[in-house]
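Spelled out, the chains give:
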Amino acid sequence: MFIKDKISAYKILELDPSCNEGDVKKGYRKMANKYHPDKVSHLGYDLQKMAEEKFKAVSDAYQSIRKDRGMS
């Protein structure tokens, strides 16, 4: 059983916990674009699978921050 802390979500998005909501959205978009599986589909199955895992982690981190801050 793993306990997720709030700081790890910010680390995944490469953000500071004191940033504002606009910075959270920008950080999410930046990381989602960087690790989107479609961007590496031409590089092979292994890299695409790794990108999918990272993309899921980025999405989960963003959802966690949104829920914690009460963002819509």
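Located above this text is the structure these notes cover.
Nothing here was measured: the structure is a model prediction, and the numbers come from that model.

*Asks:* I'm lost on the overall build of the protein in this one. Help?
*Replies:* When its secondary structure is counted, the protein shows three helices and zero strands. Scanning the protein from its N terminus toward the C terminus, one meets helices and strands in the order α-α-α. Here the protein holds 72 residues, and the buried ones make up 25% of them. Long-range pairs, those at least 24 residues apart, make up 49% of the contacts in the protein with a sequence separation of at least 6. Only carbon and sulfur atoms are counted for the fraction: they give 53% of the accessible area of the protein, which is about 5400 Å². Taking the average location of the 15 positive side-chain charges in the protein and that of its 11 negative ones, the two points are 3 Å from each other.

*Asks:* Looking at this structure, I do not really get helix α2 (residues 21-34). What am I missing?
*Replies:* For the α-helix, the turn length of 3.6 residues means that residues three or four positions removed from each other point alike. For α2, which comprises 14 residues, the first-to-last C-alpha distance of 20 Å matches the rise-based estimate of 20 Å (1.5 Å per residue) to within 8%. All of the buried residues in α2 are Val24, Gly27, Met31 and Ala32. Buried residues of α2, viewed axially, fall in a sector of 125°; they line one side. In α2, the exposed positions that point more than 90 degrees away from the buried face belong to Lys26, Arg29 and Lys30.

*Asks:* Explanation requested: the environment of Lys26 in the structure shown.
*Replies:* Tracing the chain through its elements places Lys26 in helix α2. With a relative accessible area of 55%, Lys26 lands in the exposed category. In sequence terms Lys26 and Leu15 are 11 residues apart; their C-alpha atoms lie 9.8 Å from each other.

*Asks:* Honestly, helix α3 (residues 45-69) in this entry has me stumped. Any pointers?
*Replies:* Compared with the 36 Å implied by 1.5 Å per residue over 25 residues, the 36 Å span of α3 between its first and last C-alpha is a close match. Residues of α3 that are buried in the fold lie against α1 (6-12) and α2. Following α3 by one or two positions, Gly70 has its phi on the positive side, about 75°.

*Asks:* I tried to follow the packing of α2 against α3 on my own but got confused; where do I start?
*Replies:* In a pair of packed helices, the angle between the axes and the distance between the axes together describe the arrangement. At their nearest, the axes of α2 and α3 sit 10 Å apart, and the two run at 170° to each other. Here α2 lies roughly antiparallel to α3, going by the angle between them. Of the residues in α3, those touching α2 at Glu21, Val24, Lys25, Tyr28, Met31 and Ala32 are Phe55, Val58, Ser59, Tyr62, Ile65 and Arg69. Tallied by class, residues from the contact of α2 with α3 come to eight nonpolar, one polar and three charged.

The rules we used
Residues numbered from 1 in each chain as written. Predicted model: local features only at pLDDT ≥ 70, side-chain atom pairs only at ≥ 80, totals over all residues. Heavy atoms only, no water. Helix = DSSP H or I, 4+ residues; strand = E, 2+ residues; numbered from the N terminus. Buried < 20%, exposed > 50% of the residue type's maximum accessible area, 1.4 Å probe, protein only. Contact = heavy atoms within 4.5 Å. Areas by Shrake-Rupley, 256 points an atom, 1.4 Å probe, with all protein chains shown as cover. Lys, Arg positive; Asp, Glu negative; His and termini not counted. Charge placed at Lys NZ, Arg CZ, Asp CG, Glu CD. Expected span 1.5 Å × (residues − 1). Arc of directions from axis to C-beta. Axes fitted to C-alpha atoms, helices over the stretch in contact; angles between N-to-C directions. Parallel < 35°, antiparallel > 145°, perpendicular 65-115°, else oblique. Nonpolar A, V, L, I, M, F, W, Y, C, P; charged D, E, K, R; others polar.

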